[in-house]
Amino acid sequence: MRVKLVYLGLVRNRLGKQEEEIELKEGAFLSELLNKLTEIYGETLKTLLGSDTESRLDPSIVITVNGISRTTDLRLHEGDRVAIMTLISGG
């Protein structure tokens with residue numbers, strides 16, 4: 001399945017891109033998406049998200065799925081739109 005990612009604030013700055021699509025196995029959890037992203041982007045993203053994306057994120061990171069704030073134990077579906085942003089994004 002494919003999900004669309006939107007990066008905002010400091011996350012967008014660090015990754016150098018605004019959005020992308022990622023392929024995941026059907027029924028993947030949000031935590032699996034975050035793990036895949038840290039494999040792709042390495043330390044650049046890992047330091048922003050926190051050390052353990054399986055169970056906890058840095059408290060300054062907000063993740064929404066289809067516009068609603070979510071925790072990492074949410075199952076994703078085909079076509080979901082996942083936004084990853086810093087709590088304080090600046091003016």
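Residues numbered from 1 in each chain as written. Predicted model: local features only at pLDDT ≥ 70, side-chain atom pairs only at ≥ 80, totals over all residues. Heavy atoms only, no water.

Brief notes about the overall build of the protein
Right, so step 1: Along the backbone of the protein there are three helices and five strands.
Right, so step 2: Reading the secondary structure of the protein in the N-to-C direction produces β-α-β-α-α-β-β-β.
Right, so step 3: Classification of the 91 residues of the protein by burial places 42% in the buried group.
Right, so step 4: Restricting to contacts in the protein with at least 6 residues of sequence separation, those with at least 24 account for 51%. (Helix = DSSP H or I, 4+ residues; strand = E, 2+ residues; numbered from the N terminus. Buried < 20%, exposed > 50% of the residue type's maximum accessible area, 1.4 Å probe, protein only. Contact = heavy atoms within 4.5 Å.)

Remarks on the pattern of salt bridges
Right, so step 1: One pass over the structure, following the stated rule, counts five salt bridges.
Right, so step 2: Taking the shortest distance from any N to any O, the salt bridge between R2 and E23 comes out at 3.2 Å. Here R2, found in strand 1 (residues 2-7), pairs with E23, found in strand 2 (residues 19-23); they are 21 residues apart in sequence, far enough to count as distant.
Right, so step 3: Using a relative accessible area of 34% as the deciding quantity, one classes R2 as partly exposed.
Right, so step 4: Judged by its relative accessible area of 39%, E23 is partly exposed.
Right, so step 5: Linking K4 and E19 is a salt bridge whose minimum nitrogen-to-oxygen distance equals 3.1 Å. Taken together, the residues K4 in strand 1 and E19 in strand 2 connect sequence positions 15 residues apart.
Right, so step 6: When its relative accessible area of 38% is taken as the criterion, E19 is described as partly exposed.
Right, so step 7: One continuous salt-bridge network, built from bridges that share partners, spans R2, E21 and E23. (Salt bridge = Lys/Arg side-chain N within 4 Å of Asp/Glu carboxyl O.)

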